[in-house]
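# Chain and residue survey
Each chain, written out:
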Amino acid sequence: MIYIQHATVLTPHRQIDDGAVLIDGPQILAVGTADEISRPAGADEIDASGLILVPGFIDLQINGAFGHDFTADPASIWAVAAQLPRYGVTSFLPTIVTSPLETVAAAQEAVSRGSNYGSGGATPLGVHIEGPFLNPEKKGAHNPAYLRLPDPELVREWSSARGVRLVTLAPELPGALDLVAVLAKQGVVVSAGHSTATCREAEAGFDAGIRYGTHLFNAMPPLHHREPGLAGALLTDGRPVSGLITDGIHTHPSMIRLAWRALDGGSITLVTDAMAALGMAPGRHLLGDLDVVVDGQSARLLDGTLAGSIVSLDAALRNLIAYTGCSLAQALPAVTTTPAKLLGLEATLGRVAPRYLANLVLLTPELQVQAAIAKGQIVYEQSPG
Ligand SMILES: [Zn+2]
């Protein structure tokens, strides 16, 4: 057992000053004030004085990190999983970009096979397949050679039971709405993205069961007052949740504020869309089978197209707070409860509460990650100095 005390706990809906959390195995056993929860004999003790205890972060879109690219090497999911807790991430969806269909199968297999790195790391909750049913006009950094038209035959094996959680497609493509129905039936959350959808086409997609928008504003037509497009539909419809990349490069801070106000904070998930160069020095790296140049702030194709970010999720969270002026408590659902709910995992993931998985992050007052606990194990500690 682990007994954490003297933390400011954000559950995230409730703040407990001088809080204590008792962890038993992979689960949280009790949460309360240090007066309410006493330390059982034999429990390891963590004094979290001056620190903020929050739920572990969930990233719904990450392409790789630390030199590994999930599309180029699906087996690298676990090597990255082992290191993600340094950014507060305890669960994530490894994202496979448009590629040969065998690559998706290899990623499904890698996730289901489990880790060779022991249990000490973040948990891949399943694969996010971004493509191949995307609009060529908004392909972004996706390799057009592998783009396909929607075809139910191609997604027969894409189910939550087989490790697929999220699929991004362009709802305006012929047959896309039928595919949404097929995927939803197979337990997959479907997202609209890399799309030229009009507002009406986007809303037809939401009617068909699309519940998420992939990196709002990026790879979709800009907001226009006579044709609000997919972005306008995501901001106003009320049903879908939207992913936002708050690296300060993919989306202007003013547009982040616009989205934050329009969606009232509650229908936003922060995603990193990070690529292999996250956690690495500037230089030339691989995304899928395309060359990408990293300059310390951004990652671009040789022609200048943005190719995924190099922002970490804890930095994305700090950026959201800086751009919108919201509090940590207001920002936290975007990396905890909202993504958990989107995936239907809200009963076990995303909160500091009894019977939830003991996925926890200790933050300094400056919101830097001091330590991370995944499934009840301390998997990261910032070394002193
Ligand atoms: Zn994308």
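Thresholds applied
- Residues numbered from 1 in each chain as written.
- Predicted model: local features only at pLDDT ≥ 70, side-chain atom pairs only at ≥ 80, totals over all residues.
- Heavy atoms only, no water.
- Buried < 20%, exposed > 50% of the residue type's maximum accessible area, 1.4 Å probe, protein only.
- Helix = DSSP H or I, 4+ residues; strand = E, 2+ residues; numbered from the N terminus.
- Arc of directions from axis to C-beta.
- Domains from an automatic or database assignment.
- Contact = heavy atoms within 4.5 Å.
- Buried area = accessible area lost by both parts, 1.4 Å probe.
- Salt bridge = Lys/Arg side-chain N within 4 Å of Asp/Glu carboxyl O.
- Polar contact = N/O pair within 3.5 Å; in protein donor to acceptor, adjacent residues only side chain to side chain.
- Nonpolar A, V, L, I, M, F, W, Y, C, P; charged D, E, K, R; others polar.
- Donors = N, O, S within 2.8 Å, 3.2 Å for Na, K, Ca; no water.
- 1 Å grid on protein atoms, 1.4 Å probe; cavity = no way out; pocket = protein on both sides within 12 Å on 5 of 7 lines; lining within 4 Å.
- Points joined across faces, edges and corners; volume = space filled by probe spheres on them.

This next bit is on helix α4 (residues 199-208). Since the α-helix packs 3.6 residues into each turn, any two residues three or four apart lie on the same face. Every buried residue of α4 is accounted for by C199, A202, G205 and F206. Mapping the buried residues of α4 onto a view down its axis gives an arc of 120 degrees, with all of them on the same face. Exposed and oriented more than 90 degrees from the buried face of α4 are R200 and D207.

A few words on the domain arrangement of the chain. Examined at the domain level, the chain breaks down into domain 1 (2-54 + 350-381) and domain 2 (57-342). Here the C-alpha centre of domain 2 lies 29 Å away from the C-alpha centre of domain 1. Each partner contributes to the interface: domain 1 provides 21 residues, whereas domain 2 provides 21 residues. Taken together, both faces of the contact between domain 1 and domain 2 bury some 1600 Å²; the carbon and sulfur share is 71%. Summed over the three residues of domain 1 that lose the most area to domain 2, namely P12, G350 and L367, the buried surface amounts to 28% of that side. One can count 0 salt bridges joining domain 1 with domain 2. Between the two partners, domain 1 and domain 2, sit 2 residue pairs in polar contact (both at pLDDT 80 or more). Examining the composition of the side of domain 1 that touches domain 2, we find that 4 residues originate from one element, strand β21 (residues 369-374), more than from any other. When the residues that make up the side of domain 1 that touches domain 2 are grouped by side-chain class, the tally is 13 nonpolar, 5 polar and 3 charged.

On to the coordination of the zinc ion, then. Coordination of the zinc ion by the protein is provided by E130 (OE), H194 (NE2) and H215 (NE2), with metal-donor distances spanning 2.0 to 2.1 Å. Each donor residue of the zinc ion lies on one chain, and together they are spaced E-x63-H-x20-H. With E130 in strand β11 (residues 127-130) and H215 in the loop between β14 (212-213) and α5 (229-236), the pair connects residues that are 85 residues apart, well separated along the chain.

A complete count under the given rule lists 1 cavity of 30 Å³ or more for this structure. A volume near 50 Å³ is recorded for the largest cavity. Taken together, P55, G56, I58, T90, S91, L349, G350, R351, L357 and N359 form the lining of the largest cavity. When its residues are assigned to classes, the lining of the largest cavity shows 4 nonpolar, 5 polar and 1 charged. Counting residues domain by domain, the lining of the largest cavity receives three or more from each of domain 1 (2-54 + 350-381) and domain 2 (57-342).

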